[in-house]
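So you can see what is in the structure, the chains are spelled out below.
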Amino acid sequence: MVLKIHGHANAPLVRLVAEVCREKEVPYELVNVEVYKGEHKTPAFKEFQPFGQVPYIDDDGFILYESRAICRYIAKKYASQGTPDLVPREPKAEAIFEQAVSIETSNFYPFALGITAEKIVKKHRGLELNEARLSDLVSNLKAKLDVYEVILGKQAYLAGGVSITLADLFHLPYGTIVFEELGYDMLEDRPNVARWWKDITARPSWLAVKANA
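This one's a predicted model, so the numbers in the text were calculated from it and none came from an experiment.

*Asks:* I would appreciate a short explanation of the overall build of the protein in the present structure.
*Replies:* Each helix and strand counted, the protein has 10 helices and four strands in total. The order of α-helices and β-strands along the protein, N terminus first, is β-α-β-α-β-β-α-α-α-α-α-α-α-α. Relative to the compact-globule value of 17 Å for 213 residues, the protein shows a C-alpha radius of gyration of 17 Å, a close match. In terms of overall dimensions, the protein has a C-alpha envelope of 50 × 45 × 25 Å along the principal axes. For the protein, with 213 residues in total, the buried portion stands at 47%. For the protein, restricting intrachain contacts to residue pairs at least 6 apart in sequence, the fraction spanning at least 24 positions comes to 66%. Separation between the mean location of the 26 positive side-chain charges and that of the 29 negative ones in the protein comes to 1 Å.

Here it is in structure tokens:
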């Protein structure tokens, strides 16, 4: 039975899960959820995702939500196929990987998500942009990327080594929104970050789902 991703085709984290499926050569079916009509907040949806967020997956009856957990599950279940070592197995390499995931979760995602919320989500909801908050988010993200510049000056990928991992791929959805869709110029003065970003965004698996899963 094909893995089913429940979510909206252009939702950022739905695209992330679809990207990882493609990296691991896992066929999937997208089950559309009309988020703009509030379908994800209905009792029927929340039976499977109690927070009313997309995506969740149904893998032959196994239900799982939270995109990073889903991506880890796919990478580990299908470890022998597609892109190797998206989650390293050797203990020290896995520890460095988890460190890199924590870097993204703590030092990138909150700021990129916040910028997206201010510039896009509020506009869709007819809410007023908070310029002071936006400025603070942008300044903080730039400061975090200065540290990325140092790290990526020593290694090709965030978890080190010569192989891409989920820690890198987790940056794709909201990084694309901030750097490309919203046009924030944070890469030109950070050549190591720019090199890394060019690398991870050029992957065929991301290009296939960049607009829609």
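*Asks:* What is the right way to look at the pattern of salt bridges in this model?
*Replies:* Where charged atoms of side chains with opposite charge meet at close range, the side chains can pair. What the rule picks out here adds up to nine salt bridges. R72 serves as the salt-bridge partner of E98, at 2.8 Å between the closest nitrogen and oxygen. In this pair, E98 is assigned in helix α4 (residues 91–107) and R72 in helix α3 (residues 67–77), connecting sequence segments 26 residues apart. The salt bridge involving E180 is made with K210; its shortest N-O contact spans 2.6 Å. Here K210 lies in the segment after α10 (204–207) and E180 lies in helix α8 (residues 172–181), a separation of 30 residues in the sequence.

*Asks:* Quick question: what am I supposed to make of the packing of helix α1 (residues 12–23) against α3 here?
*Replies:* Two quantities define a packed helix pair, namely the angle between the axes and the distance from one axis to the other. Orientation of α1 relative to α3, taken along the N-to-C sense of each, is 5°, at an axis distance of 10 Å. As judged from the angle between their axes, α1 and α3 are roughly parallel. Residues L13, L16, V17, V20 and C21 of α1 pack against S67, I70, C71 and I74 of α3. The class makeup of the residues in the contact of α1 with α3 is eight nonpolar, one polar and no charged.

*Asks:* Could you clarify how one ought to interpret the nonpolar core in this entry?
*Replies:* Across soluble globular proteins, you tend to see nonpolar side chains buried next to one another. Among the nonpolar cores identified, the biggest contains 64 residues, and I5, I74, I115, Y148, L166 and M186 are the most heavily contacted of them. In this structure, L166 is in contact with V20, C71, R72, A75, L86, V87 and F97, ignoring residues within four places of it in sequence.

*Asks:* Any chance you could explain the sheet that holds strand β4 (residues 62–65) here in plain terms?
*Replies:* In any sheet, the strands associate via hydrogen bonds between backbone groups, in a parallel or an antiparallel arrangement. Pairing is mixed in the open sheet, where four strands are placed in the order β2-β1-β3-β4. The open sheet has two edge strands with one neighbour each: β2 (28–32) and β4. The average undirected angle you get between the axes of adjacent strands in this sheet is 20°. As paired elements, strand β3 (residues 56–59) and β4 share four bridges and run antiparallel to each other. When the sheet's bridge partners are listed, Y56 is paired in β4 with Y65. Across the sheet, α1 is in contact with β1 (3–7), β2 and β3; its angle to β1 comes to roughly 160°.

*Asks:* What am I meant to see in the side chain of E104 here?
*Replies:* Structurally, E104 can be placed in helix α4. Only 3.0 Å separates the side chain of E104 from the side chain of R68, close enough to count as a polar contact. Other than its neighbours up to four places away in sequence, E104 contacts R68, Y109, P110, Y148, A167, F170 and H171.

*Asks:* Quick question: what am I supposed to make of the packing of α8 against helix α9 (residues 191–201) here?
*Replies:* Relative orientation of the contacting elements α8 and α9 amounts to 120°, with a least axis distance of 12 Å. Taken together, the axes of α8 and α9 are oblique relative to one another. As α8 packs across α9, the resulting crossing turns out to be left-handed. Between α8, through L172, G175, T176, F179 and E180, and α9, the contact on the second element is made entirely by W197, I200 and T201. Of the residues assigned to the contact of α8 with α9, the class counts are four nonpolar, three polar and one charged.

*Asks:* Before we go on, may I ask you to explain the environment of W196 in this structure?
*Replies:* Take W196: it is sitting in helix α9. What makes W196 buried here is its relative accessible area of 1%. Sequence separation between W196 and I96 is 100 residues, and the spatial gap between their C-alpha atoms is 18 Å. Discounting residues that sit within four places of it in the chain, W196 has contacts with Y148, L152, A156, Y157, L158, D168 and H171.

Parameters at a glance
- Residues numbered from 1 in each chain as written.
- Predicted model: local features only at pLDDT ≥ 70, side-chain atom pairs only at ≥ 80, totals over all residues.
- Heavy atoms only, no water.
- Helix = DSSP H or I, 4+ residues; strand = E, 2+ residues; numbered from the N terminus.
- Rg over C-alpha atoms; globule rule 2.2 N^0.38 Å.
- Buried < 20%, exposed > 50% of the residue type's maximum accessible area, 1.4 Å probe, protein only.
- Contact = heavy atoms within 4.5 Å.
- Lys, Arg positive; Asp, Glu negative; His and termini not counted.
- Charge placed at Lys NZ, Arg CZ, Asp CG, Glu CD.
- Salt bridge = Lys/Arg side-chain N within 4 Å of Asp/Glu carboxyl O.
- Axes fitted to C-alpha atoms, helices over the stretch in contact; angles between N-to-C directions.
- Parallel < 35°, antiparallel > 145°, perpendicular 65-115°, else oblique.
- Nonpolar A, V, L, I, M, F, W, Y, C, P; charged D, E, K, R; others polar.
- Core = buried A, V, L, I, M, F, W, Y, C linked by side-chain atoms within 4.5 Å.
- Pairing = 2+ DSSP bridges.
- Polar contact = N/O pair within 3.5 Å; in protein donor to acceptor, adjacent residues only side chain to side chain.
- Left-handed = near helix turned anticlockwise from the far one by under 90°.

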